[in-house]
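Coordinates in review
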There are 2 protein chains.
Amino acid sequence: MRTALLQHIQKFISLEPSEIDIIESCISLSKIKKKEHILKEGQVCNTMYFIVNGCIRQYIINSKGAEQTLQFGIENWWITDQLSYHNHIPSHFYIQAVENTEVIAIEKPILESLLVEIPKLERYFRIVSQKSFGAMQMRIKFLFTMSAEERYHHFNNQFPEFVQRVPQYMIASYLDFSAEFMSKIRAGKV
Amino acid sequence: MRTALLQHIQKFISLEPSEIDIIESCISLSKIKKKEHILKEGQVCNTMYFIVNGCIRQYIINSKGAEQTLQFGIENWWITDQLSYHNHIPSHFYIQAVENTEVIAIEKPILESLLVEIPKLERYFRIVSQKSFGAMQMRIKFLFTMSAEERYHHFNNQFPEFVQRVPQYMIASYLDFSAEFMSKIRAGKV
DNA sequence: AAAAAAACTTGAACTACTTCAAGAAATCAG
DNA sequence: CTGATTTCTTGAAGTAGTTCAAGTTTTTTT
């Protein structure tokens, strides 16, 4: 369903039929298998990914060799390494499918030309990225002000289905505590 | 110097003289005294602030009544509560001048009409906010992977002048450790 | 220049979390 | 359906940081 992206865009701006045609001609759906990587540390990230369905995460490998999830992306989210994408520098991150996932992958040159042809899209990406930034501001707030247990319960209340869908150790690292500690929180042993 | 903003914009897009006139007619410089607030928790944030000179921080008051700095803004940065701004909801944050600061404050209705009049500005804000998001991704990475001492030294290396300029307890909370612990790091007692 | 306020330092006691190691349960591939 | 892999659990020991309280230094105000 390439229309998922078009629908998402049209939540924020309105498109002429001709513009829809142009966009459609530029995008195609790719399937990413569970555990497959679309970006690895050291590569330059040259693509923005719009998630149609499934789940993707951005993670790093820390100094002890453990994976830490920094971000999840689900339906209707964009995911990329913005710094690597904008500055053409090697990425610090891995981006990997958590489930079998369908994305619309847009290469930078294609997206750039699309933005020139349909400048209205600048507005769409401006709004989407400002909102993502807002979400990040809240994330930092939660990380700073809540205990591990509070972060777990808060996340669990906000996204109960998501917690079912995704391995616990990924959620634990996303919330910045160990998988073992999460297990104890869930068992009420803390 | 209202031109600081115009210069910043022109790093990312080019402007016609007529467009510069329009922008200039919409903006004015405000002075904010050290410790003065431009946003308090509970207020709806209806303004974006471009910092011409000085320093501003966004902070919260945590459950123990202590201030925690979530973000600093300096010359050529925009600062606002994006979530409150976009969704018209009460803010979770305080935004306060750390030093006497000059900002260009743009109210939402004015900015919206400016974006309609000069759609090119969408591109400017799109790029700026994607870059800010990228910086935030790196911030989360550092918070997750470095020890308190590493975070201090890293920050100190990246922004040595800044560390001189701003009270230590604000930097400590920005790096997510206590002011006392920072003092011990600096003294090498850790 | 003095007084007041703000910022920084220090050590001792504490605690929220990690790490390790091993086993149990669930899921996946053939 | 079976074995292999991945994920989750549990307890014991350890530690990176916090908290508290008091004193010192620096900055600001008058």
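Scroll up a little and you will see the structure.
Remember, it's a predicted structure, so these values are computed and weren't measured experimentally.

Here's the deal with the pattern of salt bridges
- A full pass over the atoms with the stated rule returns 16 salt bridges over all chains.
- A salt bridge links E102 of chain A to K31 of chain A; its shortest N-O distance comes to 3.2 Å. With a gap of 71 residues between them, E102 of chain A in strand β8 (residues 101-107) and K31 of chain A in strand β1 (residues 29-32) connect regions that are remote in the sequence.
- Relative accessible area serves as the criterion here: at 16%, E102 of chain A is assigned to the buried category.
- On the basis of relative accessibility, which here comes to 66%, the residue K31 of chain A falls in the exposed class.
- Close ionic contact of R123 of chain A with E112 of chain B constitutes a salt bridge, the shortest N to O distance being 3.3 Å. With R123 of chain A in helix α5 (residues 120-145) and E112 of chain B in helix α4 (residues 108-117), this pair bridges two chains.
- A relative accessible area of 23% means that E112 of chain B is categorised as partly exposed.
- When salt bridges with common partners are traced through the structure, they connect E112 and E122 of chain A together with R123 and R126 of chain B into a single cluster.

Here we look at the relation of the copies chain B and chain A
- Mapping chain B onto chain A calls for a rotation angle of 180° and an axial translation of 0.0 Å; the resulting RMSD is 0.0 Å. What we have between these two chains is a two-fold relation. Closest approach to the rotation axis among the C-alpha atoms of chain B is made by R126 of chain B, whose C-alpha sits 2.0 Å away.
- Mapped onto chain A, 100% of the interface residues of chain B are again interface residues, and the two copies thus contact each other with one and the same surface.

Examining the sheet that holds strand β4 (residues 55-61) of chain B
- Within the open sheet, the four strands sit side by side as β2-β7-β4-β5 (chain B). Their pairing is antiparallel. The outermost strands of the open sheet, each flanked by one partner alone, are β2 (37-39) and β5 (67-74) of chain B. Direction aside, neighbouring strands of the sheet carry axes that sit 30° apart on average.
- Pairing between β2 of chain B and strand β7 (residues 94-97) of chain B: two bridges, direction antiparallel. From the neighbouring strand, H37 of chain B faces β7 of chain B, where its bridge partner is Q96 of chain B.
- Contacts from α5 of chain A reach β4 and β5 of chain B within the one sheet, and its direction differs from that of β5 of chain B by about 145°.

Concerning the protein's contact with DNA strand C
- Around DNA strand C, 20 residues are found, and the nearest of them are F177 of chain A together with Q168, Y169, S183 and K189 of chain B.
- Atoms of DNA strand C within 4 Å of the protein belong to the sugar or the phosphate in 70% of instances, the rest to bases.
- Interatomic distance of 3.3 Å between a side-chain N/O atom of K34 of chain A and a phosphate oxygen of DNA strand C.
- Interatomic distance of 3.0 Å between a side-chain N/O atom of S178 of chain A and a phosphate oxygen of DNA strand C.
- For the surface near DNA strand C, the secondary-structure elements that each account for two or more residues are α9 (179-186) of chain A together with α8 (168-174) and α9 (179-187) of chain B.
- Looking at the surface near DNA strand C element by element, the count peaks at five residues for α9 of chain B.
- When grouped by side-chain class, the residues that make up the surface near DNA strand C number six nonpolar, four polar and 10 charged.

With respect to the packing of aromatic side chains
All names here are of chain A.
- With the rule as written, the count across this model stands at 22 aromatic pairs over all chains.
- With a centroid separation of 5.1 Å and an interplanar angle of 55°, the aromatic rings of F155 and F159 are classed as tilted.
- Since its relative accessible area comes to 33%, F159 is described here as partly exposed.
- Among the aromatic residues, those joined into a ring-pair cluster are F12, F50, W78, Y124 and F125.
- Its end group placed over the ring of Y85, K108 keeps NZ or CZ at 4.8 Å from the ring centre.

Points about α4 of chain B
- Residues of α4 of chain B that are buried include every one of K108, L111, L114 and L115 of chain B, and no others. Angular distribution of buried residues about the axis of α4 of chain B spans 125°; they occupy a single face of the element. Those residues of α4 of chain B that are exposed and aimed more than 90 degrees away from the buried face are P109, V116 and E117 of chain B.
- Residues of α4 of chain B that are buried sit in contact with α5 of chain A together with α2 (17-26), β3 (47-53), α3 (82-87), β8 (101-107) and α5 (120-145) of chain B.

About the thresholds
Starting afresh in each chain, residues are numbered from 1 along the sequence in its written order. Each chain takes a letter, starting from A, and each ligand takes a number, starting from 1, following the order in which they are written. Owing to the predicted nature of the model, reporting of local features is limited to residues with pLDDT of at least 70; listing and counting of side-chain atom pairs is limited to 80 or more, with chain, interface and lining totals taken over all residues. By convention in this description, side-chain values take in all heavy atoms of the structure and omit both hydrogens and water. In the sections that follow, a salt bridge refers to a side-chain nitrogen of Lys or Arg positioned within 4 Å of a carboxyl oxygen of Asp or Glu. Going along the chain from the N terminus, every DSSP run of H or I of four or more residues is numbered as a helix, and every run of E of two or more is numbered as a strand. Only protein chains enter the accessibility calculation, which uses a 1.4 Å probe. A residue is then buried if its area is under 20% of the maximum for its type, exposed if over 50%, and partly exposed in between. When the copies are superposed, the least-squares fit takes in the C-alpha atoms of residues with a pLDDT of at least 70 in both. We call two residues in contact whenever any of their non-hydrogen atoms come within 4.5 Å of each other. For two strands to be treated as a pair, DSSP must find no fewer than two bridges joining them. For helices, the fitted line uses only the C-alpha atoms of the stretch in contact; every axis is such a line through C-alpha atoms, and the angle between N-to-C directions lies from 0 to 180 degrees. Nearness is defined per residue: one heavy atom within 4 Å of the molecule or strand is enough. We define a polar contact as two N or O atoms separated by no more than 3.5 Å, with the added condition that, inside protein, one atom must be a possible hydrogen donor and the other a possible acceptor, whereas residues neighbouring each other in sequence contribute only through side-chain atom pairs. Residue polarity follows a fixed list, in which Ala, Val, Leu, Ile, Met, Phe, Trp, Tyr, Cys and Pro are nonpolar, Asp, Glu, Lys and Arg are charged, and the others, Gly among them, are polar. Pairing of aromatic rings covers Phe, Tyr and Trp, the last through its six-membered ring, and needs centres within 6.5 Å; plane angles under 30 degrees mean stacked, over 60 mean edge-to-face, and all others mean tilted. Only Lys NZ and Arg CZ are tested; either one counts as a charge over a ring when it is within 6 Å of the ring centre and within 35 degrees of the ring normal. Picture the helix axis, draw a direction to every C-beta atom, and the arc is the one those directions span.

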